[in-house]
Amino acid sequence: MATGSSVSKIAKEIGIAVKKAVSRNRWWYGPHMAAASDAIAQRLPLVDLVVEIRDARIPLSSEYELLRNFPSPSRRIVVMNKMDLTNPTQIKEWMRYFEQQNCISYGVNSHNKDSVKGLLNFIQAQVRRLCTANHRSSQTMTVMLLGIPNVGKSALANSLHQIGRISAAEKGKLKCATVSPQPGETKDISSLKIGSHPNLYLLDTPGILPRKIHDVELCSKLALTGAISDDLIGQKELAQYFLAILNLSDQYKKWAKFSTNQGKVSFIEHKEEPSISSQLEMRQKKQYLMDHSQDFIVHDVRGALFDIISSFDGNLECEDDMIKLIEAQFVALREAFRVPEELDQNVDNKVAIKLLNLYRTGRLGHYTVDPLPVNIC
């Protein structure tokens, strides 16, 4: 991912705001997290295998603090979930990095059946290796699923449970872990069967954040990817952070075909009257205008972003120029998202909510927000 001083400054400002909000809000580390941490710590030495789920967009920032000094690398797998949302060119580099750290790793997309089945086979193979290495012939093995909030643990647990039961040709009612796009919805530890011969049980656990996070940029990354509730900082600030990342990447260049400009436009005066054909198209699709996930709206969003970024001639390393570009993007996105002009201040917030949703669902490209460590060989 492209990095720059302007992005870093914006990230630090958001991180500072998050930390201030946290100091006034007990949600960060509420009673359920404290209770879950104690329960996990008690069970951790008893399980056969630990599967740590991380967000592939932030492979380092989504580290589970309790496992930082985990003593047995062979009993731990780091699974990077949401691989469909990250930069595919960096996947192998991150795998190589974890290998250098003597860490078993795997990449998965919890919404892809074949991908989840591959992970299940990988987990079962690792369990068999552990049994062989420890000369065990146990009829029951336990795998604990750990991670910070909103990395997709419960969705992955449900998929592993469903596929594992089908593979074992077992009958009966499927259990289901609670799944939500909001962080912190899983409150209790639940057990799901994912295999037979030996019987293999998966413990799905609540997402746990550290009691304190001192790195402000880490706070920003967790907020951007949804590990921390948007309510703590505000969607507009997070949308600005995403736009800063986008502006320093090459992703927008792929959207040239969605451009609405015939020639180069002024950076500030980028708004133009729609053509007769586009007016007709808008009337025909009026019933869909409230749904920003419609393909034609996503295409307009991509086109608007391409037009504004490609016509910008400022210095993106300069924070003032970056903010100026982002402000122009918000103006263009109001039209692209069909957000009506209003007298109140909710217009930009409505744009930000829609923009963040498209980013978090991969409709605006794939980004790895964490840079690879510089010491990688």
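Residues numbered from 1 in each chain as written. Predicted model: local features only at pLDDT ≥ 70, side-chain atom pairs only at ≥ 80, totals over all residues. Heavy atoms only, no water.

1. Let's talk about helix α3 (residues 91-100)
Working note: α-helix, 3.6 residues per turn, so residues spaced by three or four point in the same direction. Trp94, Tyr97 and Phe98 are the residues of α3 that are buried. Within α3, the buried residues cover an arc of 95 degrees as seen down the axis, which keeps them to one side. Exposed and facing more than 90 degrees away from the buried side of α3 are Lys92 and Glu99. Asparagine 102 occupies a position one or two residues after α3 and carries a positive phi of about 60 degrees. (Buried < 20%, exposed > 50% of the residue type's maximum accessible area, 1.4 Å probe, protein only. Helix = DSSP H or I, 4+ residues; strand = E, 2+ residues; numbered from the N terminus. Arc of directions from axis to C-beta.)

2. A short note on unusual backbone geometry
Unlike most non-glycine residues, lysine 82 shows phi in positive territory, near 65 degrees. Here the phi dihedral of arginine 338 falls at roughly 60 degrees; this positive angle occurs in a residue that is not glycine. Topologically, arginine 338 is positioned in the loop between α10 (319-336) and α11 (346-360). The exposure class assigned to arginine 338 is buried, which follows from its relative accessible area of 17%.

3. Quick word on the pairing of strand β3 (residues 104-107)
Across four bridges, the pairing between strand β2 (residues 76-81) and β3 is parallel. Opposite isoleucine 77, over in β3, you have isoleucine 104 as the bridge partner. This β-α-β element, β2 to α3 to β3, shows right-handed connectivity. (Pairing = 2+ DSSP bridges. Right-handed = clockwise from strand over helix to strand, strands pointing away.)

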